[in-house]
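In case you want the letters, here they are:
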Amino acid sequence: MNLLIARSNFHSYSETFIDEQIKQLQPVEVLYEGWLPNQTYSGKSIYPFPLSQLAVRGSIRNLAPGLYRKIYQHYLKKFLRANEVDAFLANYGPLGSNIYEACIALGIPYSIVFLGFDANEKKTLDTYRADYAAMLPKAQAVIVVAASMRANLEAIAGPLPNLHVIPCGVDVSTFKPGGEKSKRFTFISVARFAEKKGPIHSLRAFEIVIKQFSEARLQMIGDGPMWDEAKAFVREKGLSENIEFLGAMSQAEYLPYLQAADVFVQHSIITKAGDSEGTPVAILEAAACGLPTVSTRHAGIPDAVIEGKTGLLTDEHDINGMAEACISLAQNESTREKMGVAARKHVEINYDVVKLSQKIKSLLKFVVL
């Protein structure tokens, strides 16, 4: 099978699930560059000179977006034929909306992975409604990482028997318990500082926690649009001795921090624009490292965190509830240990990226166009 995978970025530290997908599925090539991907991992372009130059195609796209899309479709079809592609996997709905016509024209089965905002955010759903309605019923497979995404997509395209729920996975051979625990009791968060990740909610909850556990520490790994707001909150509240902002890190860099921590925290919420999570990979990584999680009843999280067994969940925006859950785990070492063991087992059984990638691969092998 000559599989082609497309993504919007060459690499993003917050898209480790796509990196794992590529690693496991071993495509013949990967396309990237926004919702109209045209560059390859091997350093080539689907375009000839001068369209291969960013300034040239950027100018055409800005001045005549309709024309640019027609040009893109023409050269994408040439690329697909030249590389004898017989299966196309697109990450994110908006990207899928720009490749499906070429695939249909050439009889190439295509599949689309929806990962969060692309199946939830109101503005995105409105913008791509017509394309979603056209492309989803004809897709080889529509893959969503959380069951909660199904309703929005089927509201647009009607019943989708080709829709499959396959959550993001984690490399359980890499993410595993190891090393020594920190001498200081440590809560940890690994997430972009974005609204749906609820960083300020986590900080407000932790402010309550340290009133009872003054030596507790919260390490926050990541960056993003709410980074400055979060740091300003910590300064204003005088919490700098208890909260560390460690910035964006690669998986290899933050793995030791997860292994040394005691509890993982993330207060995910539905944003005002309707955006929400799929299944947060960092929660799975923490669980694989044997950490209990405190999070919210949001999207795919209740599947990833078995309430009362592998972690504790609260309602969205329930700051006091999150603080109480954190305090409960901080007070009870035996509960943390039991939950950590159960969390590791849960991930091994249900979120092993190797097993989940095989499920995706099996869906790509059957032509249903």
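Preceding this paragraph is the structure being described.
Residues numbered from 1 in each chain as written. Predicted model: local features only at pLDDT ≥ 70, side-chain atom pairs only at ≥ 80, totals over all residues. Heavy atoms only, no water.

Observations concerning the sheet that holds strand β3 (residues 39–40)
Logical step 1: In space, the seven strands of this open sheet follow the order β3-β2-β1-β4-β5-β6-β7, with mixed pairing throughout. Where the open sheet ends on each side, the last strands, each with one partner, are β3 and β7 (163–165).
Logical step 2: In the sheet, strand β6 (residues 141–144) pairs with β7 via three bridges, with the strands oriented parallel. Paired with V144 across the strands is V165, a residue of β7. (Pairing = 2+ DSSP bridges. Helix = DSSP H or I, 4+ residues; strand = E, 2+ residues; numbered from the N terminus.)

What about unusual backbone geometry?
Logical step 1: Between F49 and the following residue, P50, the backbone shows a cis peptide bond with an omega angle of 5°.
Logical step 2: Its place among the elements puts P50 in the loop between β3 and α2 (54–63).
Logical step 3: Positive phi values are uncommon outside glycine, yet Q26 reaches one of about 50°.
Logical step 4: Tracing the chain through its elements places Q26 in the loop between α1 (16–25) and β2 (29–32).
Logical step 5: On the basis of relative accessible area, Q26 is assigned to the exposed category, the value being 60%.
Logical step 6: One non-glycine residue, H317, lies in the positive phi region at around 75°. (Buried < 20%, exposed > 50% of the residue type's maximum accessible area, 1.4 Å probe, protein only.)

Focus on the sheet that holds strand β9 (residues 217–221)
Logical step 1: As summarised here, the arrangement of the six strands in space is β10-β9-β8-β11-β12-β13, forming an open sheet in which the pairing is parallel. Lying at the two open borders of the sheet, with one neighbouring strand each, are β10 (243–247) and β13 (311–314). Pairs of neighbouring strands in the sheet enclose a mean axial angle of 25°, with direction left out of account.
Logical step 2: Note: strand β8 (residues 186–190) against strand β11 (residues 263–265), two bridges, orientation parallel. Residue pairing for β11: I188 is matched across the bridge by F264.
Logical step 3: Strands in contact with helix α9 (residues 199–212) are β8, β9 and β10; relative to β9, the strand with the most contacts, it is inclined by about 170°. (Axes fitted to C-alpha atoms, helices over the stretch in contact; angles between N-to-C directions. Contact = heavy atoms within 4.5 Å.)

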